[in-house]
Structure formats: structure tokens, C-alpha cells
Amino acid sequence: MSPQGERPTTGEDDWWDKLYDATAEDPAPAGPGDRLDDRFDSASGAVAAGPPGRSRAPWEPKDPADGPPSTPRTFPGGPRPPRLPRPRVEHLGEGPPTYEPEPTALPPARADALDELVADTVLDGARYGTYTLRAASVRGDSARHRGEPRRDALLTARFGSGEAALVLVAVATGPRGAAGAHLAAADACRWIGEAVGRSHERLSEDIRAGRRRDLKSGLHRLTDRSHGRLRARAAGLGLAPGEYTAGLRCLLLTADPGCRTRVFFGVGEGGLFRLRDGVWQDIEPSVPEPAALTGEPVIGYGSPPAETEQGGRATMDLGITTPPAPYVEDPVQPPAEPFRFRAAVARPGDTLLLAGPGLAEPLRGEPALAEELAGRWATGEPPGLAQFLADTQLRVKGYADDRTGVAIWEA
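The name an unreviewed UniProt entry assigns to the chain is PPM-type phosphatase domain-containing protein, from the organism Streptomyces gobitricini.

Here we come to the pairing of strand β6 (residues 261-267). For β6, the tally of buried residues reaches seven of seven residues, placing the bulk of the element in the interior. Taking every second residue as pointing to the same face, both faces of β6 are buried, with Thr261, Val263, Phe265 and Val267 on one and Arg262, Phe264 and Gly266 on the other. Counting the residues between successive antiparallel strands, the hairpin from strand β5 (residues 247-254) to β6 contains six residues. Pairing between β6 and strand β9 (residues 340-345): six bridges, direction antiparallel.

What follows concerns the sheet that holds strand β7 (residues 271-276). Ordered in space as β1-β2-β11-β10-β7-β8, the six strands form an open sheet in which the pairing is antiparallel. Only two strands of the sheet have a single neighbouring strand rather than two, namely β1 (121-128) and β8 (279-282). Across this sheet, the average inter-strand angle for adjacent strands is 15 degrees, counted without regard to direction. In terms of strand pairing, strand β2 (residues 131-138) meets strand β11 (residues 403-410) through eight bridges, oriented antiparallel. Directly across from leucine 133, in β11, lies its bridge partner isoleucine 408. Each of β7, β8, β10 (351-355) and β11 is contacted by helix α7 (residues 357-365), which is oriented at about 55 degrees to β7, the strand it contacts most. Across the sheet, helix α9 (residues 385-392) touches β1, β2 and β11, and the angle it forms with β2 is around 50 degrees.

Another aspect to go through is empty space enclosed by the protein. A probe as big as a water molecule, rolled over the atoms, marks out the empty space that is left. As enumerated under the stated definition, the model contains five cavities of 30 Å³ or more in all. Taken as a whole, the largest cavity spans an internal volume of roughly 120 Å³. Taken together, 15 residues form the lining of the largest cavity, with Arg262, Arg274, Ile283, Ala344 and Leu352 sitting closest to its centre. Of all the secondary-structure elements, those providing two or more residues to the lining of the largest cavity are β6, β7, β9, β10 and β11. By residue number, the principal contributor to the lining of the largest cavity is β9, which donates three residues. Taken together, the residues of the lining of the largest cavity break down into nine nonpolar, one polar and five charged.

Before going further, it helps to examine the packing of aromatic side chains. For the structure on display, the rule yields five aromatic pairs. Ring geometry for tryptophan 377 and phenylalanine 388: centres 5.6 Å apart, planes at 25 degrees, overall stacked. Of this pair, tryptophan 377 sits in helix α8 (residues 367-377) while phenylalanine 388 sits in helix α9, and the two are eleven residues apart along the sequence. Ring geometry for tryptophan 377 and tryptophan 409: centres 5.3 Å apart, planes at 75 degrees, overall edge-to-face. Note that tryptophan 377 is positioned in helix α8 and tryptophan 409 in strand β11, a separation of 32 residues in sequence. Residue tryptophan 409 is classed as buried on the basis of its relative accessible area of 3%. Among the aromatic residues, ring-to-ring pairing joins Phe273, Trp280, Trp377, Phe388 and Trp409 into one connected group.

Conventions used here
- Residues numbered from 1 in each chain as written.
- Predicted model: local features only at pLDDT ≥ 70, side-chain atom pairs only at ≥ 80, totals over all residues.
- Heavy atoms only, no water.
- Buried < 20%, exposed > 50% of the residue type's maximum accessible area, 1.4 Å probe, protein only.
- Helix = DSSP H or I, 4+ residues; strand = E, 2+ residues; numbered from the N terminus.
- Pairing = 2+ DSSP bridges.
- Axes fitted to C-alpha atoms, helices over the stretch in contact; angles between N-to-C directions.
- Contact = heavy atoms within 4.5 Å.
- 1 Å grid on protein atoms, 1.4 Å probe; cavity = no way out; pocket = protein on both sides within 12 Å on 5 of 7 lines; lining within 4 Å.
- Points joined across faces, edges and corners; volume = space filled by probe spheres on them.
- Nonpolar A, V, L, I, M, F, W, Y, C, P; charged D, E, K, R; others polar.
- Phe/Tyr/Trp six-rings, centres within 6.5 Å; stacked < 30°, edge-to-face > 60°.

In C-alpha cells form, the structure reads like this:
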């Protein structure tokens with residue numbers, strides 16, 4: 001029978017029968033120990049030994065007597081460097097933090113007010129023009145332990161489309177110990193978002209044209225109007241203004257790849273930092289002491305002299321009355337806190353960080369945290385969302401407030 005199971009009609013398949021016919025005599029009878037396996041071992045040994053100077057096959061183990069190992073194989077483009085996993089950092093500073101690293105208790109909930117609940121963690125990101133955005137807000141260790149809500153609020157929003165699109169990132173922080181702190185922070189983000197959204201076309205145009213004076217004036221009024229609504233809400237709830245308020249810090253960025261102007265504005269505590277050439281720079285706009293303020297409120301505390309549209313600096317105030325900025329028509333109350341503003345042109349390779357108080361304080365107070373983040377972020381390659389979240393959560397003993405950070409990587 002043939003190997004296909006058919007009975008041959010001719011003698012052309014006799015070779016198959018002769019090869020596997022168990023009754024056929026072996027033309028070379030085997031001696032003692034002369035089996036098929038023995039013959040294979042003998043042949044493979046001869047091939048492995050080979051003539052003098054012949055090396056073993058690449059997959060065979062090398063005999064120690066053959067001398068030192070040869071140079072390892074390389075991939076196209078040169079040797080492939082070994083991949084070194086980043087060591088896991090549990091905490092920074094002198095000792096471990098007091099609280100556990102993961103959430104333990106949920107905030108209390110009311111059946112008729114479930115919309116007041118806020119998630120433990122918020123994470124977002126995007127890429128437009130020449131920059132990559134990463135944003136994260138995480139409930140602090142102490143709030144996680146006590147079952148308190150996250151007091152920080154984070155809003156990321158894009159208004160418009162194409163190169164004229166405007167990206168707003170807002171970070172708000174409610175007062176410590178206030179029962180409605182998280183609600184006030186959420187209101188502050190929502191109301192500044194509504195105001196910017198209604199004026200996004202003009203704001204985007206002013207940023208791209210470099211009209212810093214108009215931007216300072218208009219954004220100051222938008223911020224004051226948002227805080228005025230917080231004061232009105234506090235009055236409606238029968239609370240003092242300080243019991244229903246929030247610090248508010250924002251970034252405005254256009255989607256135009258030809259525009260590298262990054263605009264910061266807001267009120268309240270926190271930090272604005274820039275990582276350039278591997279070194280952190282604290283570029284938070286300074287504000288004068290309250291006792292040093294006289295006369296009418298000054299717009300744009302801490303800002304450098306405004307630049308004209310021709311590129312020069314405006315150094316004189318001719319006393320000409322300036323009409324209200326186009327963004328807001330209604331009159332607003334004087335600011336409760338000094339207004340901060342900065343419009344800066346980013347360089348390729350820069351990383352800009354807008355931080356809430358819970359991240360700004362350890363970044364300023366614990367050198368190990370600043371050094372660790374610089375080492376992670378100075379590579380020029382933006383981290384993924386999960387990695388950015390892990391970076392912002394690096395724990396430091398003595399700093400247990402909410403962690404909120406917005407970082408911009410410049411290509």
C-alpha cells in the first residue's frame with residue numbers, strides 16, 4: 001500500500017515497502033550497541049566537533065575550554081541598549097507618609113444630591129499645534145483617609161475648531177474645612193469655562209496677535225465676574241463669602257502651530273513652574289503686599305510691561321481712559337484677591353506646569369520631588385496619561401492635600 005493508503009498498480013512505490021518493511025533483512029547488521037540512536041549521536045558529535053578552527057552553532061552552549069565568549073550579535077543600527085526599568089518610588093523625603101497610598105473611605109452621599117459627588121481622580125490629555133497636554137487631579141491622602149471629597153476641581157475644554165480653536169484648562173481649590181468647598185471649586189471652573197467659551201473667538205485672536213494689554217484687561221474682568229457669582233451663591237446659601245469661594249488658576253492655549261504664546265491667569269494660591277534645560281524655574285507672577293496698594297485696582301499684578309503689536313514695550317501711561325474690554329459688558333465688583341497674569345512665549349523642549357496648592361507646596365518645599373520630576377520630564381517625550389498620573393502622585397511626608405497638575409510639553 002502506498003503512503004497515501006492506495007494500493008499501487010505498478011512497482012514504482014516499491015521503495016516505500018522496502019524502506020519500512022520490518023521483514024526485510026538489514027544489509028549491514030548492527031553490532032552490540034549499534035542502534036539508530038547511537039548512529040545519530042555519533043554523527044551529530046562529529047558535526048559539532050568539526051574540523052580544527054570551526055566554531056559551534058550559535059544555539060549550542062559554549063564549552064568553557066573554548067576560551068572567552070565572542071562579541072554578542074547586534075541589530076541593524078548598532079547594539080541594542082538594555083532596557084532599564086524605572087525603579088518604583090514609594091515615597092520621597094525623610095520617611096513614609098502617615099496615610100495609606102490608596103483610597104480607604106468614600107465621601108458621604110445624599111440620595112437627593114448625587115450630582116454633588118466628585119470622583120477620587122480625574123485624568124485628561126490632548127495634543128494640539130506644537131504642544132502635548134496632560135492634566136490630573138487626585139484626592140489627597142488625608143481626604144482619602146477621612147472620607148472627605150476632593151476639594152480641587154479640574155476643567156479641560158476646547159472651544160472652536162481648526163487653528164483658531166482655544167483650549168482652556170482651569171484648576172480651582174475650595175477652602176480647607178468648608179463643607180461645600182468641592183462645590184465652590186466646581187462652580188468656579190464651570191463659570192470661568194462659560195465666560196471663556198462665549199468669548200473664545202476674540203480671546204484666540206488676541207493671543208495669536210500678541211495683544212497682552214487687551215488679554216489682561218479682559219481676563220481680569222472674566223475672573224472677577226466668576227468670583228462675583230461665587231459671592232452671590234454664598235449669600236443665597238446664607239454663608240459668609242469666605243465659606244463659599246475658591247482659588248482659580250487657568251491656562252489658555254491656541255491650536256495654532258505657529259503660536260507659542262501660553263497665557264496664565266487667575267487668583268489664589270498655587271504655582272506656575274517651567275522646566276527648561278533640566279532645571280525648574282518658579283515663574284509665578286509676584287503680587288505686591290496689600291499695604292502697598294493704593295488707588296484703584298491694578299490690572300495684571302506681576303505681569304511684565306505690555307508689548308505693543310509692533311514688538312516694543314509700552315512704558316508710559318498717557319492717562320487716556322480705556323474702554324471696557326470686549327469680553328464682558330456688565331460692570332463687576334473689585335477683585336477680592338490680587339489678579340495674576342502672565343503671557344509667555346514657550347521654547348521648544350520646555351515643560352510648563354500649572355499646579356494647585358497641594359502640588360505646588362511640596363514641589364517648592366521638598367527638593368527630592370523637584371529633582372525626581374525633572375528627571376522624569378526632562379527627556380522631551382511627554383509621558384502617557386497613566387504615567388503622568390503616577391508622577392503627580394509621588395508621595396511626600398507632611399504633604400497630604402489634593403494633587404492637581406496641568407503640564408504642557410513643547411515639541
